Amino acid sequence: MRKNKKPIKILTMIRKTLMYLMLGVGAVITIFPFYYMLVLSTKSREEIFSFPPPLWFGTKFFDNLHILLEKMPIFKALWNSVFVAGSQTILVLFFCSMGGYAFAKYKFKGKEALFSAMLATMMIPQLLSIIPWFIMMRHFGWINTFKPLIIPMIANPFGIFLMRQFMEGIPDSIIDAARIDGAGEFRIFWKIVLPISLPALGTLGIFTFLGSWNQFLQAMLILQEKEMYTLPVALSKLAGKAASNWGASMVGTVIGTLPVVIIFIFASKQFIAGMTAGATKE
Amino acid sequence: MDLRLSRESAPYVFISPFYIMFAIFGAFPIIFSFYLSFNMWDGITEMKWVGVENYIFVVTDPWFWKAIGNSLIIFLMTTIPQHLIALTLAYMLYLGTIKFKEFFRSAFFLPYITSAVAIALVFQLLYGQHFGMINAMLKWLQAVPGIGGLFELMHLDLPIRWLGDPKWVKPAIALMVTWKFTGWNLILYYAALQNIPTTLYEAAKVDGASPIQIFFKITIPLLRSVIFFAVTMSIIGNLQIFAEPYMLTGGTGGPANSGLTAAMYLYNTGFKWAEFGTGSAMAYVLCSFIVVFSMLNKYFFRDKG
Amino acid sequence: MKKSKRVSLSILVLMVMIGAMAFGKTTIDVACFPDQDSGFKSMLEGFNEKYPDIEVKIKVNGFAEHHDALLTQIAAGANVPDVATIEIGYIGNFVAKGGFVNLMDAPYNAGQYKKNIVPYKWAQGTTKDGRMVAMPLDIAPGTLYTREDRLNEMGYTIEDMVTVDKWLEAGLKFSQDLDGDGKNDRWLVPNAQDLATMMIKSGEERYFDKEGKCLVGNERFIEGFKLAKKVKDLGLDGGIGAWTNEWYEAFKNGTILMQPSGAWLGGHLKNWMAPDTAGKWKALNLPNGLYINWGGAFMGIPERSDKKEAAWKFIEYAATNIRPQLEQFEASNIFPAWMPSFEDPMFEEESAFFGGQKVRKQWAEAAKNVPVIQTDKFDKMAETIVNSALTDVLENDRDPEEALEEAKRLIERRTRRRR
């Protein structure tokens, strides 16, 4: 039975409008807090606490920044975060690509078992080890240093997994050719495999950087002095009582969020692609 | 100059960093935690062996159960909407007839990459009782005739004290967590949808199936493993949330502990009250919950033939 | 070449001189919370006159963060400050755990100052076996801030307000629904919890007695809880959290009639919370003849500090001399614990903010009446549990006595294992 074409068209239109509507509302809800953050960072405390709440930009950004800087060395915190995230990223890229390469391109005894065991460790809840982890850091004398935030995570299963996925696609012939030419194993890794793996390294790098940037619980436990705080820790101290100036706090969140958003906007395609590649191979 | 690794030993050397690090920072702490859970220690004075006393204490502690309850309720309040919304929106994007796909995907993913701490600060303001944006919108909605009546029916008392009223604290936390993580699941589902061969859809359409039928009879079953994976991650993640409730309740756990999650209570016990032994026991009890839930999840998604 | 030789020689001399100067100076880290930093800064000039070779670095952290960080630092034995301030709510913890120098020993000999320090404060910094862990810095006599203009509007004078019942009466009149939305827009207090706190903090004991027995659930607590509940049920409570913006607004707009607190709140009110309302406030004694301690801090020297002598000089200066005590008082309303400072004419001054009242004198008088209080290392934990019970009563309509019973049980469970 042939359906009349007109109702179908209307139906399709309604469906489309509905979809656009839902997606649109979703996007607005998603983006609004960021917009609001920006707006409030430009408002004075009195303006923030007015009814109805402000929706357009004000003029007080630099005033708020000034107040913020009096209470918290936010730019130092920014730098700390960059340093910690950057260091961790570089180390992770090195060690995880090494591990991924091994699992991807070598045949060795126990490979399957070792790989599965490694993946299994991803399932271990973090809370289980947090208390002894802290005690250990105390014992090492690493309290109030950046070491606990960088070193423990340098070889993590997720990274190795991601790199393996990618490297499996590297043609064996290239590697074999290099061996014939007399190159050592590490040299092959360093000079041939790594450069080819740049896209995957990019994805892993962004992932790691973001993850490290947002790390909170460990940073809060370890870092004791304002000068050492990373951004999330610094921000968490801005939410307290007594003379809390929300405009200033918002400036802090803007400073903490903007770098991440910018990186993301530039790298979003690759980022999402990398993520999906990893996920769908499950 | 290169390290002359043999072809046989190279892989072992390459993967050793992971195992070494895991041994030091992964395995050892867990074992030590297990040992600690049978002791009483505040980090300064001597350790005292107490056997299973810590476990008994934790299991009979009303606040522990309250925290577990809170975590569970928040888990349900956020995980279910997260996946429903993510799947629905991913499907819409996938259907392909939408422009600005890139924009939507990026926008939805944005919350995931930002720091929970920063987000919580903004949400604290959004949740303000008299000056918050959400209450402002609700108040505005109340003026709309039909909706106002609806509010009356639900005994909704405006303005809502999101962070001050025990019964609203959990929804407030759940809402923020949903906002943050839905995008992650969306991307996941979107990618998985891409992997479904279109031929299946063609065949179904030829057979006269409606879009809804296609969705339920073809798409969902094929997405099964991805949904399972995503929900498992949610279980492990959402039962351990710390930063969000910590920030929204100002570290206090909320009025009458309404926002005290299991992770927060563990943090308080272990680090604020310096009861390392009790905290370790609590961690193990909590983890058994996670394991149980994961197993339930696996059972739920088991192959039915 | 002679010229370059001369230049390099003078540079060398200069460097040696600078080196000697730097070498001669000791730097101490003083860790504190707001608003102590303003107080310390105001007395630095005098301090450096007396001790020019000691450089003071003031590190200030939020109230809770400061104490939490201090605990971790003492436990970890790392990054300890040379001088640490500790508020009374936390002192029990530190007194018991150790990690601080005994100030009664030589070369500190704090005992010589005992007779000039407000008695109840002295006892608090001392352990049961006579070690003095922290030196009293300031006291915080409890007081009631009230908007006199509002009282007068309703026909009351401040002399009338001496009992809790009188306040309830005035509160009922004051609390009104002004914009017709079914809710009061003016209240007696911003938060009923403060009234419960007021009752709980009275008397000589807080949460535990000398033997460590938990006192939660006795008369004081029941009365306090019941009062808070009554206030809430009568609609006299604004349900506003302290240190939120709504709280500041309440003071600015005069939508609350009174707020019990410590003398230190006056400084906050005057300086930044509601400076434009100057002249409308009065600070009264607490009703029902209650004299309580609402705050106040101490200073101690962590064992791990390597600059103990210099640290003691700072503490001694700040706590046992009239000038710095008054300077801190002026700057941040930190009420002196050093009794000789009470003789200063400053105490006779009339405060413009408080409508010409001689507030300082009032508080000094009140301070003399505050009893010695028994602190315990589990005070903070007990406080958390009791506050949670109170919220349960106020928000979830729980029966006060039942809630207190449970709180007591919870506290005992936790503390019994660690005594």
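Thresholds applied
- Residues numbered from 1 in each chain as written.
- Chains lettered and ligands numbered in written order.
- Predicted model: local features only at pLDDT ≥ 70, side-chain atom pairs only at ≥ 80, totals over all residues.
- Heavy atoms only, no water.
- Domains from an automatic or database assignment.
- Buried area = accessible area lost by both parts, 1.4 Å probe.
- Helix = DSSP H or I, 4+ residues; strand = E, 2+ residues; numbered from the N terminus.
- Nonpolar A, V, L, I, M, F, W, Y, C, P; charged D, E, K, R; others polar.
- Axes fitted to C-alpha atoms, helices over the stretch in contact; angles between N-to-C directions.
- Parallel < 35°, antiparallel > 145°, perpendicular 65-115°, else oblique.
- Left-handed = near helix turned anticlockwise from the far one by under 90°.
- Contact = heavy atoms within 4.5 Å.
- Salt bridge = Lys/Arg side-chain N within 4 Å of Asp/Glu carboxyl O.
- Polar contact = N/O pair within 3.5 Å; in protein donor to acceptor, adjacent residues only side chain to side chain.
- Buried < 20%, exposed > 50% of the residue type's maximum accessible area, 1.4 Å probe, protein only.
- Pairing = 2+ DSSP bridges.
- Expected span 1.5 Å × (residues − 1).

Undergrad: Explain the domain arrangement of chain C here, please?
TA: By convention, interface size is frequently given as the accessible area that disappears when the constituent parts associate. Residues and elements named next belong to chain C. When its domains are assigned, chain C resolves into domain 1 (26–140 + 294–349) and domain 2 (141–292 + 373–416). Interface of domain 1 and domain 2: buried area, both sides summed, is about 1,700 Å²; carbon and sulfur atoms make up 61% of it. Among the residues of domain 1 in contact with domain 2, Ala-140, Trp-294 and Asn-333 are the three that bury the most area, contributing 44% of the side total. A total of 6 residues in the side of domain 1 that touches domain 2 trace back to one element, the largest contributor, which is helix H4 (residues 88–97). Classifying every residue of the side of domain 1 that touches domain 2 gives 8 nonpolar, 6 polar and 2 charged.

Undergrad: I tried to follow the packing of helix H2 (residues 36–50) of chain C against helix H13 (residues 322–332) of chain C on my own but got confused; where do I start?
TA: Residues and elements named next belong to chain C. Between H2 and H13, whose axes approach to 7 Å, the crossing angle comes to 150°. Viewed along their axes, H2 and H13 adopt a mutual orientation that is roughly antiparallel. When you trace H2 past H13, the crossing you get is right-handed. Residues Ser-38, Gly-39, Phe-40, Ser-42, Met-43, Glu-45, Gly-46 and Glu-49 of H2 lie in contact with H13, whose contacting residues are Arg-323, Pro-324, Glu-327, Gln-328, Ala-331 and Ser-332. Of the residues in the contact of H2 with H13, the class split is 4 nonpolar, 6 polar and 4 charged.

Undergrad: How should the interface of chain C and chain A be read in this particular structure?
TA: Taken together, the contact pairs 15 residues of chain C with 16 residues of chain A. Among the residues chain C hides against chain A, the three largest losses belong to Asn79(C), Trp243(C) and Asn245(C). Together they make up 32% of the total. At the boundary of chain C and chain A, one finds 0 salt bridges. Our count for the contact surface shared by chain C and chain A stands at 1 residue pair in polar contact (both at pLDDT 80 or more). Elements with a minimum of two residues in the side of chain C that touches chain A: strand E2 (54–60), helix H3 (63–76) and helix H10 (245–253) of chain C. The leading source of residues in the side of chain C that touches chain A is H3(C), at 7 residues. Here the residues of the side of chain C that touches chain A sort into 8 nonpolar, 5 polar and 2 charged.

Undergrad: Any chance you could explain the pairing of strand E7 (residues 258–262) of chain C here in plain terms?
TA: Both faces of the sheet carry side chains from a regular strand, because those side chains alternate between them. All names here are of chain C. Most of E7 is tucked away: 5 of the 5 residues are buried. Alternating positions in E7 separate into two faces, Met-258, Pro-260 and Gly-262 on one and Gln-259 and Ser-261 on the other, with burial throughout. Direction of pairing for strand E6 (residues 142–147) relative to E7: antiparallel, over a ladder of 5 bridges. Its bridge partner lying in E7, Thr-143 is registered against Ser-261.

Undergrad: Sorry, what's going on with helix H12 (residues 308–320) of chain C here?
TA: For an α-helix, the turn length of 3.6 residues means that residues three or four places apart are oriented alike. Residue and element names in this part refer to chain C. Spanning 13 residues, H12 covers 17 Å between terminal C-alpha atoms, matching the ideal 18 Å at 1.5 Å per step. By the criterion of burial, H12 is predominantly enclosed, with 10 of the 13 residues buried. What H12 keeps buried is the set Ala-310, Ala-311, Trp-312, Phe-314, Ile-315, Glu-316, Tyr-317, Ala-318, Ala-319 and Thr-320.

Undergrad: Sorry if this is basic, but what is going on with the side chain of Asn135(B) here?
TA: Tracing the sequence through the fold places Asn135(B) in helix H6 (residues 133–143). Filtering out sequence-adjacent residues up to four positions away, Asn135(B) remains in contact with Leu126(B), Gly128(B), Gln129(B), Pro159(B), Ile160(B) and Trp162(B).

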